[in-house]
Amino acid sequence: MRWTLKLATILLTVCLLFPTATYGQADDGQEDLPIDPDSIYHLISPIAEQMTESREVPTRLSASAWQEDLDTLAAAMHRRIPYAEAALGNEKFTRRLDSLKRAIPGQTRDQRILSLMRLLNLPAPGTGHTGLRTSQRAINWHALPLYPYRFADGVYIMSAANPDLIGSEVLAIGGTPIDSVYAAIAPYVSADNRWNRQRAVEPWPLQHLWVNPLRAFGIVDQIDHIPVRIRNENGTVRDLSLKTMRPNSISYVRFLTSDSTRKETPPELQWSPATRRAQDNNEPNYRISYRDSTDLLYLRFNAVLNASSDWTVSDLADSLRHLADTKPLEKVVVDLRTNNGGNAGLVEPLVEVLGSHPKIDQRGVLYTLISPITFSAAGIFAMELERRTKTIFVGEPSGFAPNIWGEFAPVLLPNSKITVLLSYAYKLEGMPDTPRTYLAPDLHVPLTSNQHFSNIDSTMIAVRNHEPVPLDTTALDAAVQERFTGTYRLSPVHIAQVTETKGGLHFRMRKGPEPFIDTDLYPLSPTRLATDVSDAFLERTAGQQGLTLAWKDTTYALTPANPDAPSPIQKILAGRLEEGAEELRTALDAGVMLGSDFTEVPFRDLMEESLPRWPDSLSKRERAQRALPYKKLAVELAPMSWRVHAELAQVYKVLGRPDDALQALQSVRYLYPPRYENMLEFLGFEEKAIREEC
C-alpha cells in the first residue's frame, strides 16, 4: 500500500506551500488551515476518490441495494483474486455471504458497511491487502480525536487533539474495557495475521478509532460525544467525554496538521513503531549510521521506496558494501520495525550485499529487527533475508505472513459507491503450503509503553548483548558427504542442489534467476544437517533415495533430479519459451500455487532489458516482436493483473497494432480504471477515439 507511505509527506508539503491559507470558520474564530477540509478525501483516500469521481454518494439505500453490493463484491472476489478458493475458503465464504445478506434488512447503515468488511476479512493468512479502507467519502464515519497504539502492556495515546492526553493509557470506551473493544473490531479488519490485525484495528492513516462501529456493536449509544476512561502519566484515572469529528471537518484537519497534537519526537526515539504510526515523522526512507566506538553498522529502513533518483535503494546497497569493505564490523543491524511496505522489486541489491559480503553475512553479526508494523514489501524483504542470509531476527512477531496475496486493484460497488481493494498477485515468499502465519523473531523483545516513553530501545540492547550459541557439529567423512550431494526437486518449479564447498556442504534452491534458498550446511549427525535458518534442517534416512527438508513446522520431500535440468523460469529466460511455459501450465493444473515471480515478474521490462540470448543491436520494433509471446504468456498465467495487460498493450502499440493495443487496454479498464486513463496518455491514444471505439 504505497500511497499510505506518502501521506505524511504530502500533508507536510501542503503545510509548507500554503502556510497561511484560510479555509472555513472554527468555533473559536477564523482558522488558518493548510488543507481545505472539503478536499481532505483526495489526500487521505485518493484511490476511492478516483473511482467515485463526481458520482453522488447516497446517504440512504434499500436493503436490496446493499444485498446487490454484497453479491457484486463476492463475484468480484471470485473473479479477481488469484487462487480464490484458497484465499476465500469457498464453502465457508458462501455460508458467510448468505448469512450477511439475510441480516441486511434488520441492520443500520453502519452495520451494513461492517457486513462488507466482514466479507472482505478472508480466512487465509496473507490476505491483508484485500479490504475496505474506511477513510473514504462514501463512508464518512466519525472518529475519536486521538490515535492509540497497543503496546505489550496496554493501549496508550500517541497523538491527540488535546496534547495533554498524550502518554495516557486508554482503559475503556463507553464502559467497555479497551481489550474487549479491540476484540469487537477485529473480525471486521482485513489482515495478514493476528499481529497485523492488532495494529490494523488502529486505522492507518487516519490515526484514530472510528466510533460508528462502536455504536453498531453497542459499545456506545451515540457518536457525537464518546465516554473514554484513561489513566494519565501520574496514575490518576479520569473519565472523559470526547467530541468526535468527521475527516472533512475543520477540527479533523487541525488535528491532522497541527504540531501541538503530537509531542516532538527526538531523532533518537524514531526507532519506535509507535512513533512511526502516530506521526510518520517525515523520516527519510532509509538512513545509515556507523559507530566507531562499537563498530556497529545500522540501517534504518523505513520504506521500500527509492529516496530519490540520486539516492536509490541500489545506491544504498553500494554504500553498505563500501562501509563493509572499509570499516571493522562487530554487528550489522537492518531495522524494519517501522517499515510497512513499498516496492519489493527494489530489494534484490540489498539482499545480495547482505547475503554475500563476508564481513556481513555471519551468524552473530547480521541482525534484522521486525515488529507487527513490518508488512508487505518489507515482509518480502525480510523473507529474502531469512532464506538467503545468516541473519538473526529480533523484536516482535511480524505483521506479514510468509506467503501473501499482495498488490491491489480497486472495485467500485454500484449502489453504495464504496471502493474496495482486491489483491491480484500471489507472492510465494515462504515455502509452498507453509502453515506459518508470521515470521517469529529468534530473540523476542516485546515493545512496552515504558520502553517507548522512556526512550529505552530494548531490542537494540538485546542485539548488542547477544552472543549466538555455537552449534554442536560433527565431522563427516567424504562418503557421508557424497550421500547428501546432488540435484533434487521439491516441486515442479523448485530445483535444489547440495554441493561440496571449501568449507563443507552448501544448499541452494532456485525457482528463477535468483536463489530462493541459499545456506551453508552444518552436520549435527551423519543424517542431519542444520542450516542458517532457525529450525530448518536437511535430513537423510538410510535407504532413502532423496532427502527431507524439515523447514520450521513442515517437511518436504526432495527427490533426485537431472543435474542439468533447469527450472521452468530458467528455461523461459534462456529462450525455451514453450517448454518452460508448458511446465508452468502443468504445475498450475496440478494445483501448485505459483507466485507472481513465476507468472509476472520474469516477463516484465522486456522492452527495456533484453533476455541474455537476445542481440544488443535489436531495434525497438524487433525487441517488441520478440517480447510479444512472453507478454501473451504473462496474460495467460496472470489474467487478473492489470500490469500484464498494460505491458501487452505497449508491445502492440510499438508493433503498429493499435486495435490490439486498445483491446488489451480494455482489460486494464476493467481491472484498474484509474490506470486505464494513465495508460491512454502514456501510449498516446486520444480519449475521443477511445470512446468512439467503445
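Below is a short write-up of the structure. (Residues numbered from 1 in each chain as written. Predicted model: local features only at pLDDT ≥ 70, side-chain atom pairs only at ≥ 80, totals over all residues. Heavy atoms only, no water.)

### Focus: the packing of helix H14 (residues 313-326) against helix H15 (residues 348-356)
Geometry of a packed helix pair, given as the angle between the helix axes and the separation of the axes. Selection criterion: Axis definition: a line fit to C-alpha positions, over the contact stretch in the case of helices; interaxial angles, taken between N-to-C directions, run 0 to 180 degrees. Secondary structure counts use DSSP, requiring at least four H or I residues in a row for a helix and at least two E residues in a row for a strand, with both numbered from the N terminus. Orientation categories follow fixed angle ranges, with anything under 35 degrees roughly parallel, anything over 145 roughly antiparallel, 65 to 115 roughly perpendicular, and all other angles oblique. Two helices crossing with the near one rotated counterclockwise from the far one by less than a right angle form a left-handed crossing, whereas a clockwise rotation gives a right-handed crossing. Residue contacts follow a heavy-atom distance rule, with two residues in contact if any of their heavy atoms lie within 4.5 Å. Charged residues are taken to be Asp, Glu, Lys and Arg, nonpolar residues to be Ala, Val, Leu, Ile, Met, Phe, Trp, Tyr, Cys and Pro, and polar residues to be all remaining types, Gly included.
The N-to-C vectors of H14 and H15 enclose an angle of 15°; their axes lie 8 Å apart at closest approach. In terms of orientation, H14 and H15 fall into the roughly parallel class. Between H14 and H15 lies a crossing of left-handed hand. Side by side, H14 and H15 meet where Val313, Ser314, Leu316, Ala317, Leu320 and Arg321 of the first sit next to Pro349, Leu350, Glu352, Val353 and Leu354 of the second. Within the contact of H14 with H15, the residues separate by chemical class into 8 nonpolar, 1 polar and 2 charged.

### Quick look at the nonpolar core
Nonpolar side chains in soluble globular proteins tend to be buried together. Where we set the bar: Throughout this description, the term nonpolar core refers to a set of buried Ala, Val, Leu, Ile, Met, Phe, Trp, Tyr and Cys residues connected via side-chain atoms within 4.5 Å. Exposed residues in this analysis have more than 50% of their type's maximum accessible area, buried residues have under 20%, and partly exposed residues fall in between, with area computed by a 1.4 Å probe over protein chains only.
Among the nonpolar cores identified, the biggest contains 89 residues, and Leu73, Met77, Leu119, Ile418, Val420, Leu422 and Leu665 are the most heavily contacted of them. Looking at which element gives the most residues to this core, the answer is helix H23 (residues 620-637), with 8 residues. If we skip the residues at most four places from it in the chain, Met77 touches Ala84, Leu88, Phe93, Leu119, Leu120, Leu122 and Leu422. In terms of nonpolar packing, the next biggest core, distinct from the first, is built from 36 residues, Val313, Val332, Ile360 and Phe393 among them.

### Digging into the side chain of Asp69
Selection rule: As used throughout, the charge tally considers Lys and Arg to be positive and Asp and Glu to be negative, leaving His and the chain termini uncounted. Whenever Lys or Arg places a side-chain nitrogen within 4 Å of a carboxyl oxygen from Asp or Glu, that contact is recorded as a salt bridge.
Position of Asp69 among the secondary structure elements: in helix H5 (residues 63-80). Despite its burial, Asp69 pairs with no opposite charge; the closest candidate is Lys417, at 7.3 Å N-O. If near-sequence neighbours (up to four positions away) are discounted, Asp69 is found in contact with Leu413, Pro414, Asn415 and Ser416.

### Overview of the sheet that holds strand E19 (residues 486-491)
By definition, the strands of a sheet pair up through backbone hydrogen bonds, in either a parallel or an antiparallel sense. Note the following rule: Here, any two strands with at least 2 DSSP bridges between them count as paired.
Reading around the barrel, the 8 strands line up as E19-E20-E21-E22-E23-E24-E25-E26 and close back on themselves, with antiparallel pairing between neighbours. With strand direction ignored, the average angle separating the axes of adjacent strands in the sheet is 30°. Across 6 bridges, strand E21 (residues 504-510) lies against strand E22 (residues 515-525) in antiparallel orientation. Counterpart to His506 in the pairing with E22 is Asp520. Relative to the sheet, helix H16 (residues 377-388) contacts E22 and strand E25 (547-551), its axis offset from that of E22 by approximately 40°.

### Examining the environment of Leu146
When you line up the elements, Leu146 lands in strand E3 (residues 146-151). Along the primary structure Leu146 and Ile157 are separated by 11 residues, whereas in three dimensions their C-alpha atoms are 6.7 Å apart.

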